Amino acid sequence: MDSRERTSAGQRWVLGLSALGAVMVALDALVVAAALSTIRRDLGASIEQLEWTVNAYSLSFAMLMVTAAVAGDRWGRRRTYAAGLALFCVASAACALAPSMPALIAARAVQGAGAAVVMPLAMSLLGVAFPPERRGWAIGIFSGLTGLAVLGGPVLGGVVTEGLAWQWIFWINVPVGAVAIPLVYRMIPESRGVVRRLDPAGLVLVTLAVLALVWGVVRGPAAGWGGPEVLGALAAGVLLLAAFAAWERRAPQPMVPTAFFRVRSFTAGNAAGLLLTAALFGAVFFNAQYMQNVLGSGPARAGLQLLPWTATLFLVAPLAGRLVDRLGERPLAVTGLALQAAGMLWIAAVGGDASYPELIAPFVLAGCGVSMAMPATQSASIGALPREAVGIASGIYSMMRQLGGVAGVAVLSAVFTASGGYDAFAPAYGRAMVACGVLSLLGAVAGLGIAARPALVREMVST
């Protein structure tokens, strides 16, 4: 085997093992979706507690990713990636053993911390292993698999919940991790990036800011939007975000370097990715429940009924990755988000009591849109910065996506609850899909800010 073949084989191992970890954490972001109705009955959960089974995971996932990316640059990306896989698997076991909703939510938060290490390090390992001319292809496959995992989470969750028990949606991570970790050490070379200091003050400020904002949105329908609890939480979130921005401008090595956001494609790509994930997570959260609460499907059937939506990712995302290399990111990001918006608004237009056949075409349309936009926004964000900044850029992009997931579930849940909630599920679901379409349209507008240039031409900024 010559050097070129060895390089190609090594790249395939990096792609396979990084994608495996990413698929695990992406699956668990919404693997509980099809099990929510079952968990609600078994553990007596409220709508707020169901939200937190998703948001506790996404919140810790989002808040720790940039710190994990910095730690990987400092201590070794392979070593940090393997440690993240180990933490994720231990927390998965704790989720499976949880006897109550508070215990499940706490375990989900720890699981999200493990995911926060895995995802940005997987993207960093991928960025280092592949040269710029092949990175779009690799990211297309990576994004297709992780996107399929996000949308396929309810399918797997439904089949496992109905065939075994909802606890097994977490147990399955343990043997996969036990096999993957030794292979990571054996097949992936160690790499490090520019050593940066950790930014604990920035981490605390942004974590508290997002927690306060999400708390206000989640509690709004129940506590009243004009009540002191909600207004106080939202005001505290805004003030903490302002404090975070001020600190980051003065910090010697900030958690989120503000210079990065002077690059137009980086800023636009992150904004579009945030709104894409907000719409996606919100839609998955409610679509699986719609199949069960309105159409009367069991968990397994509900998950399988989402296949017209999920299967498009497997087919379209790798092709979209290749097109990114040829056409640039902006056309695919804008078109993809517009298609997702059209699909969600179509669902809302046919009514909250639509039959399943009426949902197939808009599901396919929205799925094609996600498949196009996901690799494009990721490539725009990471590729806009120099190669040596790939670790921190990956962490920031992943953080923004997960914050989008938290925001999407919270916003759509607020619309759903204000429209009648579980007592009027069908019309409330329809209004939630309108909100989902609006978020997608805002993402398409944000995507217009991505530089209209091929992906191989990169803007350079100082790190």
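Rules of the game
- Residues numbered from 1 in each chain as written.
- Predicted model: local features only at pLDDT ≥ 70, side-chain atom pairs only at ≥ 80, totals over all residues.
- Heavy atoms only, no water.
- Helix = DSSP H or I, 4+ residues; strand = E, 2+ residues; numbered from the N terminus.
- Buried < 20%, exposed > 50% of the residue type's maximum accessible area, 1.4 Å probe, protein only.
- Contact = heavy atoms within 4.5 Å.
- Areas by Shrake-Rupley, 256 points an atom, 1.4 Å probe, with all protein chains shown as cover.
- Patch = residues over 30% accessible without salt bridge, like charges linked within 9 Å, V, L, I, M, F, W, Y side chains within 5 Å.
- Salt bridge = Lys/Arg side-chain N within 4 Å of Asp/Glu carboxyl O.
- Axes fitted to C-alpha atoms, helices over the stretch in contact; angles between N-to-C directions.
- Parallel < 35°, antiparallel > 145°, perpendicular 65-115°, else oblique.
- Left-handed = near helix turned anticlockwise from the far one by under 90°.
- Nonpolar A, V, L, I, M, F, W, Y, C, P; charged D, E, K, R; others polar.
- 1 Å grid on protein atoms, 1.4 Å probe; cavity = no way out; pocket = protein on both sides within 12 Å on 5 of 7 lines; lining within 4 Å.
- Points joined across faces, edges and corners; volume = space filled by probe spheres on them.
- Core = buried A, V, L, I, M, F, W, Y, C linked by side-chain atoms within 4.5 Å.
- Phe/Tyr/Trp six-rings, centres within 6.5 Å; stacked < 30°, edge-to-face > 60°.
- Polar contact = N/O pair within 3.5 Å; in protein donor to acceptor, adjacent residues only side chain to side chain.
- pLDDT = per-residue confidence, 0-100.

Q: Would you mind going over the overall build of the chain with me for this structure?
A: The number of helices and strands found in the chain is 17 helices and zero strands. Counting every position in the chain, which comprises 463 residues, the buried fraction comes to 60%. Here the analysis covers contacts within the chain between residues at least 6 apart in sequence; of these, 84% occur between residues at least 24 apart. Counting every atom, the chain has about 16,500 Å² of accessible surface; 68% of that belongs to carbon and sulfur.

Q: Teacher, can you tell me more about a nonpolar patch on the surface here?
A: A cluster of nonpolar side chains, Leu345, Val434, Val438, Leu441 and Leu442, forms an exposed patch at the surface whose accessible area comes to about 370 Å². The biggest single contributor to the nonpolar patch is helix α17 (residues 425–447), with four residues. Tracing the backbone shows leucine 441 in helix α17. Relative accessible area serves as the criterion here: at 41%, leucine 441 is assigned to the partly exposed category.

Q: Would you mind going over the packing of helix α14 (residues 329–350) against α17 with me for this structure?
A: A pair of packed helices is characterised by two quantities: the angle between their axes and the separation of those axes. Where α14 contacts α17, the axes come no closer than 8 Å and their chain directions differ by 165 degrees. Taken together, α14 and α17 sit at an angle that is classed as roughly antiparallel. Crossing geometry of α14 relative to α17 is assigned as left-handed. Here α14 contributes Arg330, Val334, Leu337, Ala338, Gln340, Ala341, Met344, Leu345, Ile347 and Ala348 to the contact with α17, which in turn contributes Tyr429, Gly430, Met433, Val434, Cys436, Gly437, Ser440, Leu441, Gly443, Ala444 and Gly447. Classifying every residue of the contact of α14 with α17 by side-chain character gives 14 nonpolar, six polar and one charged.

Q: Mind showing me how you'd approach the layout of surface pockets here?
A: Think of a ball as big as a water molecule: rolled over the atoms, this probe shows where empty space is left. Counted as a void, the largest pocket has a volume near 520 Å³. Along the wall of the largest pocket there are 25 residues; nearest its centre are Val210, Leu241, Leu274, Met400 and Leu403. Sorting the residues of the lining of the largest pocket by element identifies α9 (200–223), α10 (228–250), α11 (264–293) and α16 (390–418) as the ones contributing at least two each. With nine residues, the top contributor of residues to the lining of the largest pocket is α16. Here the residues of the lining of the largest pocket are counted per class, giving 22 nonpolar, two polar and one charged.

Q: What is the right way to look at the nonpolar core in this model?
A: Formed by 123 residues in total, the largest nonpolar core has its most connected members in Phe142 and Met433. With 15 residues, the top contributor of residues to this core is α11. Apart from residues lying up to four places away in sequence, methionine 433 is in contact with Ala283, Phe286, Asn287, Met344, Ile347, Ala348 and Leu412. Ala268, Leu332, Ala380 and Ile450 belong to the second-largest nonpolar core, a separate cluster that totals seven residues.

Q: Explain the packing of aromatic side chains here, please?
A: Working definition: an aromatic ring pair is given by the centre-to-centre distance plus the angle between the planes. Taken as a whole and judged by the stated rule, the model has seven aromatic pairs. The interplanar angle of 90 degrees and the centroid separation of 6.5 Å between the aromatic rings of tryptophan 166 and phenylalanine 170 together place this pair among those described as edge-to-face. Each member of the pair, tryptophan 166 as well as phenylalanine 170, is classed as buried. An aromatic cluster is built from Phe286, Tyr290, Phe416, Phe425 and Tyr429, whose rings are joined through pairwise contacts.

Q: Sorry if this is basic, but what is going on with the environment of arginine 330 here?
A: Within the fold, arginine 330 resides in helix α14. Along the primary structure arginine 330 and alanine 373 are separated by 43 residues, whereas in three dimensions their C-alpha atoms are 9.0 Å apart. A polar contact of 3.3 Å, which involves the side chain of arginine 330, links it to the backbone oxygen of leucine 448.

Q: Where do I start with the side chain of asparagine 270 in this structure?
A: With respect to the element layout, asparagine 270 can be found in helix α11. Of note is the side chain of asparagine 270, whose polar atom sits 2.8 Å from the backbone oxygen of phenylalanine 266. Asparagine 270 has contacts with Ser381, Ile396, Tyr397 and Met400, leaving out every residue within four places of it along the chain.

Q: How should the confidence of the model for the chain be read in this particular structure?
A: Detailed reading of the predicted model is not advised wherever pLDDT is low. Confidence along the chain averages 79 in pLDDT terms, with 86% of residues attaining 70 or more. Helix α4 (residues 77–97) holds the highest mean pLDDT among the elements of the chain, 91, whereas helix α6 (residues 132–163) holds the lowest, 71. Residue range residues 454–463 is modelled with pLDDT below 50. Its contacts to residues more than four positions away, or to other chains, number 30 contacts.

Q: Help me out: how do you make sense of the packing of α11 against α17 in this one?
A: The geometry of α11 relative to α17 is characterised by a closest axis approach of 8 Å and an angle of 165 degrees between their N-to-C directions. Our classification of the angle between α11 and α17 gives roughly antiparallel. The two elements α11 and α17 meet at a crossing, and its hand is left-handed. Contact with α11, carried on its side by Ala268, Ala271, Ala272, Leu275, Ala278, Ala279, Ala283, Phe286, Asn287, Gln289, Tyr290 and Asn293, involves Phe425, Tyr429, Met433, Cys436, Leu439, Ser440, Leu442, Gly443, Ala446 and Gly447 of α17 and no other residues of that element. Of the residues belonging to the contact of α11 with α17, the class tally is 16 nonpolar, six polar and no charged.

Q: How should I be thinking about the environment of alanine 19 in this particular structure?
A: Along the chain, alanine 19 falls in helix α1 (residues 3–30). Judged by relative accessible area, which is 4%, alanine 19 ranks as buried. Distance in space between the C-alpha atoms of alanine 19 and leucine 145 is 7.0 Å, their sequence separation being 126 residues. Setting aside residues no more than four positions away along its own chain, alanine 19 makes contact with Val14, Phe142 and Leu145.

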